[in-house]
Amino acid sequence: MQEAVLAKEVNFFVNKGTVQTPNWVMVGCGNSKDYGLANEMITLNCDSGKRKVHSGEEPEYDFQLGGFVFEYATANKATNVSSTEFETWASAVPQVLRQYRLAGKHVGDTVRTFNAYISNFRETGSNGEARTYTIGFTIDEPPVLTAQA
């Protein structure tokens, strides 16, 4: 009998290195991750009635991240990812395609590695409360699925 484990912890990483020499840095203050895909369907009007079929196009993948706003000291910026960095990356013209990873922490957990653009960024919060941010990512091509080693 094979064990089943509830996936309760998934972490989000940014490659702050290069594709050849990755430096995966975890977004430590991220607390909400929403990943998914959508397939385009076409409705055909056939003699026997309407039928829905797949368009033949690749699915559209997207990712949403929510987290708490933290400002890091200059000495700690290389080992952390701040909301300010995400905002800077999102506002760059042209924006650089970056590599990201969504991964569980246990051996065998699913790891999704993908390239994405930041499609939207929002920071919110009332005075006296912890500020939060939400970021939307548009994934460039289907993620590579592997298992956590």
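See the structure printed just above.
An account of the accompanying structure is given in this report. Worth saying up front: this structure is predicted, and the values here are computed from it rather than measured. Position numbers for residues start from 1 in each chain and track the written sequence from start to end. Under the rules for a predicted model, residues below a pLDDT of 70 receive no local features and side-chain atom pairs below 80 are neither given nor counted, while totals for whole chains, interfaces and linings still include all residues. No hydrogens and no water enter the side-chain calculation; it runs on all heavy atoms of the structure.

### Looking at helix H1 (residues 83-91)
Here is step 1: Working definition: with a 1.4 Å probe on protein chains only, accessible area under 20% of the residue-type maximum means buried, over 50% means exposed, and in between means partly exposed. Helix and strand assignments follow DSSP, with helices taken as H or I runs no shorter than four residues and strands as E runs no shorter than two, numbered in order from the N terminus. Within H1, burial applies to Ser83, Phe86 and Trp89. Buried residues of H1 fall within an arc of 125° about the axis and therefore sit on the same side.
Here is step 2: Those residues of H1 that are buried are in contact with strand E1 (10-15), strand E6 (60-68), strand E7 (98-104), strand E8 (110-124) and strand E9 (132-139). The arc refers to the directions leading from the helix axis to the C-beta atoms. Contact definition: two residues touch when any of their heavy atoms are within 4.5 Å.

### Here we look at the pairing of E7
Here is step 1: E7 sits mainly inside the fold: five of its seven residues count as buried.
Here is step 2: Sheet analysis places E7 next to E8, joined by six bridges and oriented antiparallel. Residue pairing in the sheet places Tyr100 in a bridge with Phe114 of E8.
Here is step 3: Note: two strands are recorded as paired if DSSP finds a minimum of 2 bridges between them. Hairpin connection between E7 and E8: a loop of five residues separates the two successive antiparallel strands, and Gly108 in this loop has a positive phi of roughly 90°.

### Structural notes on the side chain of Ser82
Here is step 1: Inspection of the secondary structure puts Ser82 in the loop between E6 and H1.
Here is step 2: Accessibility expressed as a relative area gives 9% for Ser82, which makes it buried.
Here is step 3: Ignoring anything within four residues of it in the chain, the contact list for Ser82 reads Phe70 and Tyr72.

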